[in-house]
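# Structural characterization, general
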Amino acid sequence: MLIDTHCHLDFADFAAERDAIVSRAHEAGVRQMVTISTRVRKLDGLLALTEQYPSVFCSVGTHPNNAGEELDIQTEDLVRLANAHEKIVAIGEAGLDYFYDTQTPADQKTGLIRHIAAARETGLPLVIHSRSADEDMGEILTAESGKGAFPFILHCFSSGAELARIGVELGGYVSFSGILTFPKSEDLRAIAKTVPLDRLLVETDAPYLAPKRWRGKRNEPSYVVNTAEVLAECMDVSYEEIARITTENAFRIFSKMPGL
Ligand SMILES: [Zn+2]
Ligand SMILES: [Zn+2]
């Protein structure tokens, strides 16, 4: 059994066949999925999916690439929404993306800090998107944790070893996607080996980043199996063991998600 801790089931890519995609996930042993919010204004679409599918949960937040669009959303709005819906199990995804560079660093930081405050207040994990921003992310996580701890996940981890180290030291979880399976990701597999077993998660980030076995195809939650296989090799444990560990970890960090 696996949990896909990060996917985007509301994206148009999936519109025609969501039932089949959820069924295929179940058949592959992916028993629950968290579909991640990228715009608070689109939350209704996510909530509708969680109502339609008992195994689908969601988050609430603004992706850093949309940060400037939702600067009117305050911490209290995130907290109110998260507390109002039992299937909202996380805050985010928020963070810093200096790779696409579509939003100013200032707007991205403003959004990130509001989301951190919401995670601190609700106790729900903050799903952190960090790309080409290791230094600023490390500084913000360290400074903000100093003001009061908050649970968090470094999602689709593809940053450097130092940010992984800081994240783990601050109590965070590290989630690996299909990137872990790519032939050229040797450095990333070396970083995975340094993460304690009790902080590891797996995700697809579907529809993006299909793992090696399905490279080039549209990704979907059932494909998280391939990432778990490679993570098991990295950690030198069996597939069954990595499935058990990452699932236990998912239920621990997504504390509002009911167990099976
Ligand atoms: Zn992301
Ligand atoms: Zn995402």
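Check the entry above for the structure.
To keep things clear, this report deals only with the structure shown in the data block. As the structure is a computational prediction, the values presented were derived from the model and not from experiment.

### Some points on the overall build of the protein chain
Looking only at helices and strands, the protein chain has nine helices and eight strands in total. Since a compact globule built from 260 residues should have a radius of gyration of about 18 Å, the 17 Å found for the protein chain is in line with a globular shape. Taking the principal axes of the C-alpha coordinates as reference, the protein chain spans close to 45 × 40 × 30 Å. Per-residue burial over the protein chain gives 58% buried out of 260 residues. Of all intrachain contacts in the protein chain linking residues separated by at least 6 positions in sequence, the fraction that spans at least 24 positions is 73%. Put simply, the protein chain shows about 10,600 Å² of open surface, and 50% of that area lies on carbon and sulfur atoms.

### Describing the coordination of the zinc ion (ligand 1)
Surrounding the zinc ion (ligand 1) are the protein donor atoms Glu 93 (OE), His 129 (ND1) and His 155 (NE2), which sit 2.0 to 2.1 Å from the metal. Donor residues binding the zinc ion (ligand 1) come from one chain and are separated in sequence as E-x35-H-x25-H. The two metals, the zinc ion (ligand 1) and the zinc ion (ligand 2), are separated by 3.4 Å and share Glu 93 as a common coordinating residue. Of this pair, Glu 93 sits in strand 4 (residues 88-97) while His 129 sits in strand 5 (residues 126-131); the two residues are 36 residues apart in sequence, bridging distant segments of the chain.

### As for the coordination of the zinc ion (ligand 2)
Protein-derived ligands of the zinc ion (ligand 2) are His 6 (NE2), His 8 (NE2), Glu 93 (OE) and Asp 205 (OD), with the metal-ligand distances lying across 2.0 to 2.6 Å. The coordination sphere of the zinc ion (ligand 2) comprises four donor atoms, whose angles at the metal cover 85 to 176°; the geometry is irregular. Of note, the zinc ion (ligand 2) draws all its donor residues from one chain, in the sequence arrangement H-x1-H-x84-E-x111-D.

### So, the packing of aromatic side chains
Scanning the entire structure with this criterion turns up five aromatic pairs. Each ring, one from Phe 11 and one from Tyr 208, has its centre 6.0 Å from the other, and the planes form 70°; the classification is edge-to-face. Of this pair, Phe 11 sits in the loop between strand 1 (2-7) and helix 1 (18-27) while Tyr 208 is found in the loop between strand 8 (200-202) and helix 8 (224-235), placing the two residues 197 residues apart along the sequence. For Phe 11, a relative accessible area of 17% puts it in the buried group.

### Overview of the sheet that holds strand 2 (residues 30-35)
Sheet architecture is open: eight strands sit in the order 1-2-3-4-5-6-7-8, paired in parallel fashion. The sheet is open, and its two borders are formed by strand 1 and strand 8, each paired with just one other strand. When strand polarity is set aside, the average angle formed by the axes of neighbouring strands in this sheet is 30°. Two strands pair when backbone bridges link them, and strand 7 (residues 173-176) and strand 8 are joined in this way by three bridges, in the parallel orientation. Looking across to strand 8, one finds that Ser 175 is bridged to Leu 201.

### Observations concerning the nonpolar core
Grouped together as the largest cluster of nonpolar side chains are 68 residues, with contacts concentrated most on Val 60, Leu 126, Phe 176 and Leu 231. By residue number, the principal contributor to this core is helix 8, which donates eight residues. The residues contacting Leu 126, other than those within four sequence positions of it, are Ile 91, Gly 92, Ala 94, Leu 112, His 115, Ile 116, Ala 119, Phe 150, Pro 151, Phe 152 and Ile 153.

### Section: helix 1
Buried residues of helix 1: Arg 18, Ile 21, Val 22 and Ala 25, and no others. On an axial view of helix 1, the arc spanned by its buried residues comes to 95°, and they lie on one face. On the buried face of helix 1, the contacting elements are strand 2 and helix 2 (43-52). Gly 29 occupies a position one or two residues after helix 1 and carries a positive phi of about 95°.

### Comments concerning the pairing of strand 7
Of the two faces of strand 7, both are covered, the one formed by Tyr 173 and Ser 175 as well as the one formed by Val 174 and Phe 176. Taken together, strand 6 (residues 152-154), helix 6 (residues 161-169) and strand 7 form a β-α-β motif whose crossover is right-handed. With helix 7 (residues 186-192) bridging strand 7 and its parallel neighbour strand 8, the resulting β-α-β unit is right-handed.

### Side note on unusual backbone geometry
Cis geometry is adopted by the peptide bond preceding Glu 93, which originates at Gly 92 and carries an omega value of 10°. Cis peptide bonds are those with omega within 30 degrees of zero, and the linkage from Ala 206 to Pro 207 qualifies with 15°. Phi at Leu 209 is positive, roughly 55°, even though this residue is not glycine. The residue Asp 236 is not glycine, and still its phi comes out positive at about 60°. Relative to the assigned elements, Asp 236 resides in the loop between helix 8 and helix 9 (239-253). Judged by relative accessible area, which is 71%, Asp 236 ranks as exposed.

Thresholds applied
Residues numbered from 1 in each chain as written. Chains lettered and ligands numbered in written order. Predicted model: local features only at pLDDT ≥ 70, side-chain atom pairs only at ≥ 80, totals over all residues. Heavy atoms only, no water. Helix = DSSP H or I, 4+ residues; strand = E, 2+ residues; numbered from the N terminus. Rg over C-alpha atoms; globule rule 2.2 N^0.38 Å. Buried < 20%, exposed > 50% of the residue type's maximum accessible area, 1.4 Å probe, protein only. Contact = heavy atoms within 4.5 Å. Areas by Shrake-Rupley, 256 points an atom, 1.4 Å probe, with all protein chains shown as cover. Donors = N, O, S within 2.8 Å, 3.2 Å for Na, K, Ca; no water. Tetrahedral: all angles 85-135°; square planar, octahedral: opposite > 155°, others 65-115°. Phe/Tyr/Trp six-rings, centres within 6.5 Å; stacked < 30°, edge-to-face > 60°. Pairing = 2+ DSSP bridges. Axes fitted to C-alpha atoms, helices over the stretch in contact; angles between N-to-C directions. Core = buried A, V, L, I, M, F, W, Y, C linked by side-chain atoms within 4.5 Å. Arc of directions from axis to C-beta. Right-handed = clockwise from strand over helix to strand, strands pointing away.

Purely geometric stuff here, so don't read any function into it on its own.
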